[in-house]
Structure formats: structure tokens, C-alpha cells
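# Observations on chain architecture
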Amino acid sequence: MEIVLLTVGKTTIDFVLDGIAEYTKRLKHYVPYSIQMLPDIKKTASLSVERQKEAEGEMIISKLLPGDHVILLDERGKEYSSMEFATFLEKQMVAGRKRLIFVVGGPYGFSRAVYDRADGKISLSKMTFNHEMVRLFFTEQVYRAMTILRGEPYHHE
């Protein structure tokens, strides 16, 4: 199974880029993992919030394949402990999914079309994080989940 983190906007903070690179490198030993970045919508001042979400939604949906299992990273999603998230990923692998796509939306969230296409939602926390930081936190959590599933000593209960 391939895991893809699909994001709107690019990562520009150096230490975040370094952290993502480190955990992505580590993940190569466990599972194919990539981050696909979609460009920010240009000229947002002339767009309503709803139209901006729709434009981002069109870009997101254009990157999805028919068989993709799509999970939105959303503040109203289900929260998991690291152990529970590892179990969630294991169930997705056992289900024979080809691609598991996690999506981080733009600053205003997702369009109705993206919510309709999604197979589920998860929340990393009740706190709000910078979208760039979410990429690092999520990538580290995927790595942590893989080490949990392998019984390796990275995670401590």
C-alpha cells in the first residue's frame, strides 16, 4: 500500500522541511510514502471563501484515482492515539488498499465536493496547527505507526 499526503500550498519553513525529509527517509524501510503539494490558489482577494474552497477542491479531486481511499485531516475528524492510528493503518493495509490518501486542505478547509469524495476524517488534535507543521507531525506519526506495527523501540507506552 502506498501512503500519500496531499496538501494545498508548499512548505517553506526550513526546519519543517528538514524534519519531513528525515521521517520520509526513515519511512522508505516500511512503506511507500510521498507528499504531493498542490499550488496555492492565486488572487484570493477577489474570491469568496466558498469559491476558494471550491477551486482547491477541484485541484484535490483531480489528483485522486477511482480506487483511492481518501482520509481528510479535519478538525472534526476522529482522534486517535498513536497506537490506535497504527491499528488504523494496519487495517487499511490488510484491506488491500492500493493507495491511502490523506488530505490537508487550504486555510478555510474543504469544499463540499471533497467531503463527499472522502472515505473518512481524522483529527491530529483539538488544537489548531499551522498547515506546514501538520505535514511534519503527520509524517512523524506515520513513521511512529510503522515502528509500532513492527514492534520496534521508537514508541514508548
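Attention here is on the structure that accompanies the text.

What counts as what
- Sequence positions are assigned chain by chain, starting from 1 and proceeding in written order.
- Totals for whole chains, interfaces and linings use every residue, but because this is a predicted model, local features are given only for residues with pLDDT of at least 70 and side-chain atom pairs only at 80 or more, for both listing and counting.
- The side-chain values count all of the structure's non-hydrogen atoms but skip hydrogen atoms and water molecules.
- Under the pairing criterion, centres of Phe, Tyr and Trp rings, with the six-membered ring standing for Trp, must be within 6.5 Å; the plane angle then separates stacked pairs below 30 degrees from edge-to-face pairs above 60, leaving the rest tilted.
- Per the convention used, a helix needs a DSSP run of H or I reaching at least four residues, while a strand needs a run of E reaching at least two, with both numbered from the N terminus.
- Relative accessible area decides the class of each residue, using a 1.4 Å probe on protein chains only: under 20% of the type maximum gives buried, over 50% gives exposed, and in between gives partly exposed.
- What makes a nonpolar core is a set of buried Ala, Val, Leu, Ile, Met, Phe, Trp, Tyr and Cys residues whose side-chain atoms join them at distances within 4.5 Å.
- By definition in these notes, contact holds between two residues if any of their heavy atoms fall within 4.5 Å.

With the rule as written, the count across this model stands at 11 aromatic pairs. On the numbers, 6.0 Å between centres and 65° between planes, the contact of phenylalanine 85 with phenylalanine 138 is edge-to-face. Linking phenylalanine 85 in helix α3 (residues 82-94) with phenylalanine 138 in helix α5 (residues 131-149), this pair joins segments that are 53 residues apart in sequence. You can call phenylalanine 85 buried: its relative accessible area is 6%.

Attention shifts here to the nonpolar core. With 28 residues, the main nonpolar core has Ile3, Leu73, Phe85, Leu89, Phe102, Phe138 and Val142 as its most contacted residues. Where this core is concerned, the elements lending two or more residues are β1 (2-8), α1 (14-27), β3 (69-79), α3, β4 (99-104) and α5. It is α5 that provides the largest number of residues to this core, a total of nine residues. Not counting chain neighbours up to four residues away, the residues in contact with leucine 73 comprise Leu5, Phe102, Val103, Val104, Phe110, Ile122, Val134 and Phe138. In terms of nonpolar packing, the next biggest core, distinct from the first, is built from 14 residues, Val70, Leu72, Val103 and Phe110 among them.

Time to look at the environment of serine 111. Of note, serine 111 is situated in the loop between β4 and α4 (112-117). Judged by relative accessible area, which is 4%, serine 111 ranks as buried. Distance in space between the C-alpha atoms of serine 111 and lysine 121 is 14 Å, their sequence separation being 10 residues. When residues no more than four places from it in sequence are discounted, the contact partners of serine 111 are Lys53, Glu54 and Gly57.

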